[in-house]
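The primary structure of each chain is shown beneath.
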Amino acid sequence: MPEQRTAEVPAQAPVVRAQAARPGDTAGTKLGMFVGGLIVALVVGFTLGKVLGPAESPTQGATTGAPAASTDAMGMGGAHVHAPGASAGSEVGGLAVSSGGYTLAPAATVFDAPGPQQLTFVINGADGRPVTDFAVVHDKPLHLVVVRRDMTGYQHLHPTMAADGVWTVRADLATAGPWRAYADFTAVAAGGTQTAIALGTDLTVAGDYRPQPLPAAAREASADGLTVGYEGTPVIGASQPMLFTVKQGGATATLEPYLGSFGHLVVLRELDLAYVHVHPEPALVNGGVKFWLAAPSPGRYRMFFDYSVGGKVRTAQYTLEVK
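As a starting point, this report considers the structure included with it. (Residues numbered from 1 in each chain as written. Predicted model: local features only at pLDDT ≥ 70, side-chain atom pairs only at ≥ 80, totals over all residues. Heavy atoms only, no water.)

### Digging into the pattern of salt bridges
At step 1: Throughout the structure, instances matching the rule amount to 8 salt bridges.
At step 2: Residue aspartate 202 pairs with arginine 149 through a salt bridge whose shortest N-O separation is 3.2 Å. Of the two residues, aspartate 202 is situated in strand β15 (residues 194-205) and arginine 149 in the loop between β10 (142-148) and β11 (155-157); the sequence distance between them amounts to 53 residues.
At step 3: Judged by its relative accessible area of 39%, aspartate 202 falls in the partly exposed class.
At step 4: Given the relative accessible area of 27%, arginine 149 is considered partly exposed.
At step 5: The closest approach of N and O atoms between aspartate 202 and arginine 180, which form a salt bridge, is 2.8 Å. Linking aspartate 202 in strand β15 with arginine 180 in strand β14 (residues 177-188), this pair joins segments that are 22 residues apart in sequence.
At step 6: Through salt bridges with shared partners, one network takes in Arg149, Arg180 and Asp202. (Salt bridge = Lys/Arg side-chain N within 4 Å of Asp/Glu carboxyl O. Helix = DSSP H or I, 4+ residues; strand = E, 2+ residues; numbered from the N terminus. Buried < 20%, exposed > 50% of the residue type's maximum accessible area, 1.4 Å probe, protein only.)

Shown next, in the form of structure tokens:
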């Protein structure tokens, strides 16, 4: 039996700043009321069907232990809009350094040697000035994802912003070659309008670049005595549920909230490294984390699932093939 979901009106994310019938016609009236009521019922039923969407699949059941709700350009739907070219639904983001009136301006993109590097950048608005008003999404005003072009070296980082809008963070660019950095944020314009967007820029580390082949597609990943598997099959252009469950010694492990959610999922497309938007449920579903994913096109993708067990944050990685 499909799970019934009711539409909710979400609240905005918090913001961080550096600062009548004729007589005698009874029978006709009753017939008219009956037909009118039937039409209304059909219209309402059709509308609800469009709002609630298709039947769910992987383990629809009970939800438990929801952390505090938040809105997210990487996760949860909220009271913001997506800028043109941003990641929304089956669209992709992160392919452009500028989109929707916002521009990612890094201080440096070329580094002399592999190793830890300080990344410095600003987000400029349409007026060319650094933006300083951002909505706090999953406990942070901005999320920075860094990955090498062969989709190794994944990092999910949280820069800090100075009063002048300059962001800084330490990233481990441990190997030579081309890298990609994605700034995922929700900017707040005058009047309180929130725009969720993902911008991207290339980074280059000097040295001998030896790309690694993409691992074969698999539904399980194991590390540190934990096995993380997922259910669900993405399709092109329509959101489908995917349930990620962590097992420890054959039993379902207890997931801990991390950055306002029980898990975070980043999906990148092979070849152009497009950043794909995913929608998670705020509560656990049968001990697992349910996401909603729409594949933008056929091809291979790399999925990075961040989760916390026993006070330690880990990342399970998968290759996904969409046909």
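Here the narrative resumes, following the displayed structure.
### Describing the side chain of asparagine 124
At step 1: Note that asparagine 124 resides in strand β8 (residues 115-124).
At step 2: Under the relative-accessibility criterion, asparagine 124 is labelled buried at 15%.
At step 3: Contact partners of asparagine 124, with chain neighbours within four places excluded, come to Gly101, Tyr102, Thr103, Ala105, Arg129, Pro130 and Val131. (Contact = heavy atoms within 4.5 Å.)

### Observations regarding the side chain of histidine 264
At step 1: On the secondary structure map, histidine 264 appears in strand β20 (residues 264-269).
At step 2: For histidine 264, a relative accessible area of 4% gives the class buried.
At step 3: Reaching out from histidine 264, the side chain makes a polar contact with the backbone oxygen of tyrosine 258 at a distance of 2.7 Å.
At step 4: Leaving out residues up to four positions away in the same chain, histidine 264 has contacts with His138, Tyr258, Leu259, Phe291, Phe304, Phe305 and Asp306. (Polar contact = N/O pair within 3.5 Å; in protein donor to acceptor, adjacent residues only side chain to side chain.)

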